[in-house]
Amino acid sequence: MFIAEVANRMLEIKNITKKFGDKTALENLSFTIPEGSVFGLIGSNGSGKSTLLRIISGVFRADGGTAEIDGESTFENPGIKEKCFFISDYPYFYNNSTLDSMAAFYRDFYPSWDEAKFAKLCGIFPINKKDRIVNMSKGMQRQAALMIALSVCPKYILLDEIFDGLDPVVRQLIKKLIMELVSDNNTTVIIASHNLRELEDVCDHIGLIHKGGIVMEKDLDEAKLGIHRVQAVFENELGEGVFNDLEIVSIKKQGRMMTFTIKGDGPAIEQAIKAQNPVYMEMLPLTLEEVFISEMEAVGYDIDNILE
Amino acid sequence: MTSTISSNNKHFSKLFKWAFRRNRAIMIVFSVLMLIGIVIDVQILTTIAYSRVVNNTDELGTLGYASIIIAQLGAIILSLISANHTFSFLHNKRSTDMFGAIPCKRSTLFFSHLLGGISAVALPFIIGSFIVMGLTCRSVPYFAIQLSMILFGLIGIAAVYSFTALISYCCGTTLDSTIITLSVNAIYIGVIGIFSYIMSSMIPGVNSDQIFNTPIVTLLTPFGFPFFLDYYVIGSQTTALWTTVIWTVLFTAGMVVSGCFAAKTRRAETAQNEFNIKWLPVAIKAGISVLAGLFGGAAAAPTGSGFSRMFVFAFWYILVGFGAFIIIHLIFSRGMKGKFLPSLLAYAGTTAAVLALTFGLTTGMGIDTYVPSPSNVSSITFGNDYGSSTYTYSDPENIKTITEIHKCITESIEKDSVRPYYIGFNNEYYYNTDEELYSSYGGKFEDLFPLSDNTSFDFTYNKKIGFTTKRVYGYRSKSFDYQKIEELLKKLYNSEEYKRLSNPLIWKEDAKLDGKSPSHANLAVIAYNDKTSSYMQASNIELKYDEQFVKGLMSAIKKDIIDDKEYYRIRSFNSAYYNSNSTLMREKYYVISIYYKDQRGNDTYDYSTGYNYTSRVEAIIPENYTNTLNYLRANGYGNALSAPVVFSNNYDDDYYYDDYYNNV
């Protein structure tokens, strides 16, 4: 019984397809997000990240497949939605609403609402509870939305471009609060963002979407370890096909210095390079942004292609 | 399960309060307008209508009607504004995200917003209307009607709100939703109005009243619901009232159910974007093009002559209709971005259908010669729409007689071979055939058989399956078989049903009217004067008006009427008195009038008797009504009856009266 319950506590995307008219936004998308993880959803513009979040939160109905939380579909399922909070890329507030009135609105919808936490957050964030939210800046509105989301103490929190328009201090604060929520509440967090630098700090899992399909879905460390950059200088010109055994994503040459981006096991790559007797060789760590670019290049999404 | 229901109820009440509070501004504005309106209504309308402050039951009651109708108008307009405001969250991507993600069912969201919004408009309406009732209602009949009108106002609010809500769910923007909500009302009533004008101006017998006085006009006009219902309840049109009440309730229920279904199936991504129901804008574009085309065509048609009017109509229909179609397409598509072909096909289809129908009507399409079979008819209202001689006949023999009369007319239309009809044809037909006609008795036909304005034949068939067919022939044709019509009318007017219908009070067991005893009774002697070729009232004698006498009098009149084998002549006596050109009736007759008075205060003054009265019942007594005349003689009025009344030109009018009074 206990094992079954634990196994059910996760978010499953099962063969989701979503079309907007003739355009397919998501096509047969499937992956699983385990409980308590912080999942970074990355992808090119228009890849379907926000659409996916809207399907998970029950705003959109999928044309095919289901988004299931704890084994149940989210669409038209208030019981499941009570465990889930979604902050869209442009959070909505009633025209005359204040933080206080919006809190009053959400309080009755979410049984897990924590009044003490709301009071605490009101002390942390520089927002007056009595001010009209629509008069606040974009960043302040986002903070207000996050204060409400954190006060709900949801089991699943879906954040779309949450770092947009926030100053560095608030970004740090938000990352800290998200981590607290995960550790205190075992909340599963899904963040869709182009700000890969911030995601790198908080995410433990990463999903890369492109043209409505999943390109990669991995543990972040695994993703970063699975791709390597090697800088090397060779005394002689390299012969044709010497690295045929390696999965080279890209090669850049600057004078005699060659920079390889290679997928695969680190020691095997190092051994293959060394076999060509480089005069200089160094394995460099990749940032998430570099992993993203590399992966996207692999599916044909690079600057050269865009300019063409 | 219990927890889910409780949670749903909690969410409903929360959202209901939010929707109600969102409409606070509208509610305050409406409340203020209602209060100002009540004062203005009572003061201004009183001044305009009566030039004084009124304190009379009927005048106050009428003011109450006017005030409630104005309140209904305000409520309907505010329902449209409020519903668009309440459901505008569907037309904004950000708010759609919020409401889509909160843990409540879409149906709960729909019902809470619907009821919250309706309550915000209904509350000031109810309070204001009850204040009006308190100020203006002094008697039970007015109380019942005003209470009904308040109920109709509430039905109207619910209908408009639920209809607007449904359209909001079908649209991506508030602008589109507003355009469509208004368009559906305008298209439906506009197309019916213009088409009924076209038909009534083309086809003999078809009259626009027959459409506008039936509940058909209410079908897709929720904005008009309360006003149609008011019209029916004030006019005591019971069948139309109940039909419309049932329809408005069904319509509202249908809108609520459809709205709930639309809420559940709506694609949230249509917010700020496209229509959720793809065919809706196509249908509206086609509908507006039909309305505009009909308007343009019907307005331009009179510039042609004869049958060429039909081609003028078609040309302007296509021109104006296509112009309107393009404009509405540009509005819905925000330019020329939208798909043009489906809409164009819909436009082409409706244009072809409307033109085919209009040209088809030039043949009459059987409408001009249609007479319902008596076996399919439960009753017929026949006679004069505007006078007191219209009665509803349900005796099968009379139904047959009336359909025979109708056939005499349609056969003449068939015989005249006047087709093809065209717009405006009916008017020309009327003026070309208006000639004086004489009956077989030697007098003018209309003197003996007066119908509507002495000329027209009105038939309203109430079918057994519930529908109504109406034909009005506001003209006379030479080819009508008047001899046959005359015989049929005589048969109808000699029937017991006609006697019963035309003298309802005579058949009562007591002399009271609405529980009131008679206040006066009068006997007038009417004589024909050869010198002036007109009927005159020769005398007025006040009769006893105690209940016992009046009861006996009524009993005698009843017996005479039953025995009368030429009862149709009674119509002519009365008509001849008011018609100075009368040439047929040259007999002395009597008019017995019984007057009733109540305390309501809107009395009528009778110049010939000097009585103030509220209600009056009259019976025409010819010389062959021996029971009545003997009863009067037995009660001491023999002199008045037997006094010589001279029918010659030997006396001047003055002597005529003197002579009469000297003999009494």
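Sequence positions are assigned chain by chain, starting from 1 and proceeding in written order. Lettering of chains starts at A and numbering of ligands starts at 1, both following the order in which they are written. Confidence filtering applies because this is a predicted model: local features only for residues at pLDDT of at least 70, side-chain atom pairs given and counted only at 80 or more, and all residues used for totals across whole chains, interfaces and linings.

K.L.:
How should I be thinking about the overall build of chain B in this particular structure?
P.N.:
Secondary structure counts use DSSP, requiring at least four H or I residues in a row for a helix and at least two E residues in a row for a strand, with both numbered from the N terminus. Across its full length, chain B carries 22 helices and 10 strands. Three exposure classes are used, based on other C-beta atoms lying within 10 Å of a residue's own C-beta, which is placed from the backbone: buried for 20 or more, exposed for 12 or fewer, and partly exposed in between. Counting across all 664 residues of chain B, residues that qualify as buried make up 41%. Expressed as a percentage of contacts within chain B between residues at least 6 apart in sequence, the contacts between residues at least 24 apart total 76%. Each residue gets a C-beta atom placed from its backbone, and two residues are in contact if those atoms lie within 7 Å.

K.L.:
Whenever I open this one, the overall build of chain A confuses me. Can you help?
P.N.:
Broken down by element type, chain A carries 12 helices and 14 strands. In terms of principal-axis extent, the alpha carbons of chain A reach across some 70 × 45 × 40 Å. With 308 residues in all, chain A has 36% of them scored as buried.

K.L.:
Could you clarify how one ought to interpret the interface of chain B and chain A in this entry?
P.N.:
Facing the 19 residues of chain B at the interface are 18 residues of chain A. Within the residue set of the side of chain B that touches chain A, elements represented by two or more residues are α1 (2-22) and α4 (93-101) of chain B. Top contributing element to the side of chain B that touches chain A by residue count: α4(B), with seven residues. For this classification, the nonpolar set comprises Ala, Val, Leu, Ile, Met, Phe, Trp, Tyr, Cys and Pro, the charged set comprises Asp, Glu, Lys and Arg, and every other residue, Gly included, is treated as polar. Looking at the side of chain B that touches chain A residue by residue, the classes come out as seven nonpolar, five polar and seven charged.

K.L.:
Explain the packing of helix α5 (residues 106-136) of chain B against helix α10 (residues 238-265) of chain B to me, please; I cannot follow it from the model alone.
P.N.:
Helix-helix packing is described using two parameters, namely the angle between the two axes and the distance between the axes. Residues and elements named next belong to chain B. Only the stretch in contact is used when a helix axis is fitted, and all axes are lines through C-alpha atoms; the angle between N-to-C directions ranges over 0 to 180 degrees. The interhelical angle for the contact between α5 and α10, taken along N-to-C directions, is 135°, at an axis separation of 8 Å. In terms of orientation, α5 lies oblique with respect to α10. Considering how the two elements wind past one another, α5 and α10 form a crossing that is right-handed. Contact residues: Arg-106, Ser-107, Leu-109, Phe-110 and Leu-114 in α5; Gly-259, Cys-260, Ala-263 and Lys-264 in α10. When the residues that make up the contact of α5 with α10 are grouped by side-chain class, the tally is five nonpolar, two polar and two charged. Every angle not falling under 35 degrees, over 145, or within 65 to 115 is termed oblique; those three ranges are roughly parallel, roughly antiparallel and roughly perpendicular. Should the near helix be turned anticlockwise from the far one by less than a right angle, the crossing is termed left-handed; should it be turned clockwise, right-handed.

K.L.:
Sorry, what's going on with the sheet that holds strand β4 (residues 468-473) of chain B here?
P.N.:
Either a parallel or an antiparallel arrangement is found when strands of a sheet pair, and the pairing is made through backbone hydrogen bonds. Residues and elements named next belong to chain B. For two strands to pair, DSSP has to find at least two bridges joining them. In spatial order, the strands read β2-β1-β3-β4; together these four strands make up an open sheet with antiparallel pairing. Looking at strand neighbours, the two that pair on one side only are β2 (391-393) and β4, the edges of this open sheet. Ignoring which end each strand starts from, the neighbouring axes of this sheet average 20° apart.

K.L.:
Is there a simple way to explain the packing of helix α7 (residues 174-202) of chain B against helix α11 (residues 279-300) of chain B in this structure?
P.N.:
Residue and element names in this part refer to chain B. As a packed pair, α7 and α11 sit with axes 9 Å apart at the nearest point and diverge in direction by 35°. As α7 runs across α11, the sense of the crossing is left-handed. In this structure, α7 uses Ile-180, Ser-183, Ala-186, Ile-187, Gly-190, Val-191, Ile-194, Phe-195, Tyr-197 and Ile-198 to contact α11, whose residues at the interface are Leu-280, Ile-284, Gly-287, Ile-288, Val-290, Leu-291, Leu-294, Phe-295 and Ala-298.

K.L.:
So what exactly am I meant to see when it comes to the confidence of the model for chain A here?
P.N.:
Caution applies to low-pLDDT regions: their predicted coordinates should not be interpreted in detail. Per-residue confidence for chain A gives a mean pLDDT of 87; residues scoring 70 or more make up 95%. The low-confidence segment residues 1-7 of chain A (pLDDT under 50) makes zero contacts with residues lying over four places distant or belonging to another chain. Values of pLDDT, which run from 0 to 100, indicate the predictor's confidence residue by residue.

K.L.:
Looking at this structure, how should I read the sheet that holds strand β7 (residues 156-160) of chain A?
P.N.:
Residues and elements named next belong to chain A. Taken in spatial order, the six strands line up as β6-β7-β8-β3-β9-β10 in an open sheet, and their pairing is mixed. Of all strands in the sheet, those with a lone pairing partner are β6 (84-87) and β10 (213-219), marking the two edges. Neighbour to neighbour, the strand axes of the sheet diverge by 15° on average, direction disregarded. Its contacts with the sheet place helix α11 (residues 288-298) against β3 (38-43), β9 (205-210) and β10, and it is angled at close to 35° to β9.

K.L.:
Any chance you could explain the confidence of the model for chain B here in plain terms?
P.N.:
Residue and element names in this part refer to chain B. Averaged over all residues, the pLDDT of chain B equals 82, while 81% of them reach at least 70. Overall, residues 648-664 carries pLDDT values under 50, and its contacts beyond four positions in sequence, including any with other chains, amount to 19 contacts. This complex was scored by the predictor with a pTM of 0.78 and an ipTM of 0.87.

K.L.:
What's the story with the environment of B:Ala122 in this structure? I'm lost.
P.N.:
Residues and elements named next belong to chain B. Looking at where Ala-122 falls in the secondary structure, it is placed in helix α5. Residue Ala-122 is classed as buried on the basis of its C-beta count, with 20 C-beta atoms lying within 10 Å. As for Ala-122 and Ile-157, which are separated by 35 residues in sequence, their C-alpha atoms are 7.0 Å apart. Those residues within four positions of Ala-122 in sequence are excluded, and the remaining contacts are Leu-154 and Ile-157.

K.L.:
Can you walk me through helix α19 (residues 547-563) of chain B in this structure?
P.N.:
Residues and elements named next belong to chain B. Helix span is expected to be 1.5 Å times the residue number reduced by one. For α19, which comprises 17 residues, the first-to-last C-alpha distance of 24 Å matches the rise-based estimate of 24 Å (1.5 Å per residue) to within 8%. All of the buried residues in α19 are Val-550, Leu-553, Met-554, Ala-556, Ile-557, Asp-560 and Ile-561. When α19 is viewed along its axis, its buried side chains cluster within an angular range of 165° and face the same direction. The outward face of α19, more than 90 degrees from its buried face, is lined by the exposed residues Gln-548 and Asp-563. Each direction from the helix axis to a C-beta atom contributes to the arc, which is the arc of those directions.

K.L.:
I'm lost on the nonpolar core in this one. Help?
P.N.:
What tends to happen in soluble globular proteins is that the nonpolar side chains get buried as a cluster. Among the nonpolar cores identified, the biggest contains 170 residues, and A:Ala149, A:Leu158, A:Ile190, A:Ile191, B:Val121, B:Ile157 and B:Met202 are the most heavily contacted of them. Ranked by residue count, the leading element in this core is helix α6 (residues 140-170) of chain B, at 15 residues. Beyond its immediate sequence surroundings of up to four residues, B:Met202 is in contact with B:Leu361, B:Tyr421, B:Tyr422, B:Ile423, B:Phe425 and B:Asn426. To count as a nonpolar core, a set of buried Ala, Val, Leu, Ile, Met, Phe, Trp, Tyr and Cys residues must be joined through C-beta atoms within 7 Å. In this structure, B:Phe480, B:Tyr611, B:Ala619 and B:Ile620 belong to the second largest nonpolar core, which totals 52 residues.

K.L.:
What should I look at first to understand the environment of B:Lys105 in this one?
P.N.:
Summarising the element assignment, B:Lys105 is placed in the loop between α4 and α5. Between the C-alpha atom of B:Lys105 and that of B:Gly638, which follows or precedes it by 533 residues, the distance is 87 Å.

K.L.:
Can you walk me through unusual backbone geometry in this structure?
P.N.:
Backbone geometry follows two general trends: most residues other than glycine have a negative phi, and most peptide bonds adopt the trans configuration. Although it is not a glycine, A:Glu76 adopts a positive phi angle of roughly 55°. When you line up the elements, A:Glu76 lands in the loop between β5 (72-73) and α3 (78-81).

K.L.:
What is the right way to read the pairing of strand β3 (residues 457-463) of chain B from this model?
P.N.:
Looking along a regular strand, one sees side chains alternate from face to face of the sheet. All names here are of chain B. Of all the seven residues making up β3, six are buried; the element is thus mostly covered by neighbouring parts of the structure. The pairing of β3 with β4 spans six bridges and is classified as antiparallel. Bridge pairing links Phe-459 to Arg-471 in β4. Where β3 folds back onto β4 in an antiparallel hairpin, the turn is made up of four residues, including Gly-466, whose phi is positive at roughly 105°.

K.L.:
Help me understand the environment of B:Val132 in this model?
P.N.:
Residue and element names in this part refer to chain B. With respect to the helices and strands, the residue Val-132 is situated in helix α5. The spacing of Val-132 and Ala-356 is 224 residues in sequence and 51 Å in space, taken between C-alpha atoms. Those residues in contact with Val-132 that lie beyond four places of it in its chain are Ile-38, Gly-64, Ser-67, Ile-68 and Ala-71.

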